Amino acid sequence: MGAYTSSFTGTGGETLSSMTHPSRADWITAHAVATDLAIVEVDRLWLRFQQLGCNEDGVLELEVLERPPASNSVFAKHILSSFVTTRENQEVITFEAFLGAMKWAEMAPEMDKIKAIFNMINNGQPVTKELLYMILKRTYPDESKDSLSKLTDLMMNEMDDKHHGLITQFQFVKWVKKLPEEELRHLLEFRIVPLEITQEAHRLFSHREATIAEKIQNMDWHLLSNKLHFTGQELELIQRKQPYNPRLQIYDMLKSWKQREGKNYANPAVLYRAMQECDMNEAAQLLT
């Protein structure tokens, strides 16, 4: 995937792996903080990563790609191989790199996704008629040879407008962009966690605000407000609304932070990281 994989692979996975381990309670939360994903998203992707066959250290060794479920799809196998990083002189796929890729798939601009799909088909090289036939054969295994040949010819004629016998990235993108807008949006849409699960996670997060306020009311919660980027004036306003009651002041601050970020973007991992930086570790564990 070339330039696209560079945004979510590298040495970051190795660094994080040296700080935590799947056997530790902070494995999910640490990855949420590092990737800026919601804890519920990381939890769901960790389950999927385990299903792919990661080892006890939380990494996928390349030999895993040669056996099911990864080997069941050549296309999926090729995608996974794009996430490879080097750890202790061994090529592996770290959980952090996997998370970065999934985050990219959910948030990347439409055009980047289309180009990345093309690059994954043949390492960015033009697609031949023979390769297109093989792709369609894997995509539609129950179709007859004659039907697949006709579909291959049709797609080649539509995309290869220069009649060179090759489909370039430019031609592929141009063809995909001709699809109805709603259909294209549906095809490219990727959600790590279904919307209803995300909403439920935020509902649970709301219930924890009161408990967190109770836990940290006798601590330096002004430092926490600073970590959450509240101004002195905003903090003074919160205190005036709830005079002599630090617990309610903290509760109002957390509610204000969530409202400011937007209910779908107030990431508990951000609050967890801020609380850890303020030595509020016990309260931070309420978010895990």
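In this text the structure is predicted, and so the values were computed from the model without any measurement.

Details of the packing of aromatic side chains
- Under the definition given, this model contains seven aromatic pairs.
- Relative to phenylalanine 172, the ring of phenylalanine 118 lies with its centre 5.5 Å away and its plane at 40 degrees, an arrangement referred to as tilted. Within this pair, whereas phenylalanine 118 is found in helix α6 (residues 110-122), its partner phenylalanine 172 is found in helix α9 (residues 169-176), the two being separated by 54 residues in sequence.
- By relative accessible area, phenylalanine 118 is classed as buried at 1%.

Brief notes about the environment of methionine 159
- Looking at where methionine 159 falls in the secondary structure, it is placed in helix α8 (residues 145-159).
- We classify methionine 159 as buried; its relative accessible area is 3%.
- C-alpha separation for the pair methionine 159 and phenylalanine 172, spaced 13 residues apart in sequence, amounts to 6.3 Å.
- Residues within four places of methionine 159 in sequence aside, it is in contact with Ile167, Gln171, Phe172 and Trp175.

A word on the pattern of salt bridges
- On inspection of all chains with the given rule, the structure shows 12 salt bridges.
- Across the salt bridge formed by aspartate 146 and lysine 150, the nearest N and O atoms sit 3.4 Å from each other. Placement of both aspartate 146 and lysine 150 in helix α8 is noted, with a separation of four residues, approximately one turn of the helix.
- By relative accessible area, which is 47% here, aspartate 146 ends up partly exposed.
- Glutamate 282 serves as the salt-bridge partner of lysine 215, at 2.8 Å between the closest nitrogen and oxygen. Here glutamate 282 lies in helix α16 (residues 281-284) and lysine 215 lies in helix α11 (residues 195-216), a separation of 67 residues in the sequence.

Description of the side chain of glutamate 209
- Relative to the helices and strands, glutamate 209 resides in helix α11.
- Classification of glutamate 209 as buried rests on a relative accessible area of 2%.
- In terms of polar contacts, glutamate 209 uses its side chain to reach the side chain of lysine 258, at 3.0 Å.
- Those residues in contact with glutamate 209, other than ones at most four positions away along the chain, are Tyr251, Leu254, Lys255 and Lys258.

Some thoughts on the nonpolar core
- Counting 46 residues, the largest nonpolar core has Leu224 and Met275 as its most contacted members.
- Residue contributions to this core peak at six residues, all from helix α3 (residues 39-52).
- Sequence-distant contacts of methionine 275, defined by excluding residues within four places in its chain, comprise Ile212, Ile216, Leu224, Met280, Asn281, Ala283, Ala284 and Leu287.
- Formed by 17 residues, the second largest nonpolar core is a distinct cluster that contains Phe172, Val173, Val176 and Leu188.

Some words on helix α5 (residues 95-107)
- Under the 1.5 Å per step criterion, the end-to-end length of α5 is 18 Å for 13 residues, consistent within 8% with the ideal 18 Å.
- Most of α5 is tucked away: 10 of the 13 residues are buried.
- Here α5 has its buried residues at Phe95, Glu96, Ala97, Phe98, Leu99, Gly100, Ala101, Met102, Trp104 and Ala105.

Considerations on unusual backbone geometry
- Look at histidine 163: it is not a glycine, yet its phi comes out positive at around 55 degrees.
- Relative accessible area serves as the criterion here: at 62%, histidine 163 is assigned to the exposed category.
- A positive phi is found at aspartate 279, a non-glycine position, where the angle reads about 60 degrees.
- Among the structural elements, aspartate 279 can be located in the loop between α15 (268-277) and α16.

Quick notes on the side chain of lysine 113
- With respect to the helices and strands, lysine 113 occurs in helix α6.
- No salt bridge is formed by the buried lysine 113; its nearest oppositely charged neighbour, glutamate 189, is found at 8.1 Å.
- Within the local environment of lysine 113, its side chain forms a polar contact with the backbone oxygen of leucine 188, the two atoms lying 2.9 Å apart.
- Dropping the residues within four chain positions of it, lysine 113 is found in contact with Trp104, Ala105, Glu106, Ala108, Leu188 and Phe190.

Conventions we followed
- Residues numbered from 1 in each chain as written.
- Predicted model: local features only at pLDDT ≥ 70, side-chain atom pairs only at ≥ 80, totals over all residues.
- Heavy atoms only, no water.
- Phe/Tyr/Trp six-rings, centres within 6.5 Å; stacked < 30°, edge-to-face > 60°.
- Helix = DSSP H or I, 4+ residues; strand = E, 2+ residues; numbered from the N terminus.
- Buried < 20%, exposed > 50% of the residue type's maximum accessible area, 1.4 Å probe, protein only.
- Contact = heavy atoms within 4.5 Å.
- Salt bridge = Lys/Arg side-chain N within 4 Å of Asp/Glu carboxyl O.
- Polar contact = N/O pair within 3.5 Å; in protein donor to acceptor, adjacent residues only side chain to side chain.
- Core = buried A, V, L, I, M, F, W, Y, C linked by side-chain atoms within 4.5 Å.
- Expected span 1.5 Å × (residues − 1).
- Lys, Arg positive; Asp, Glu negative; His and termini not counted.

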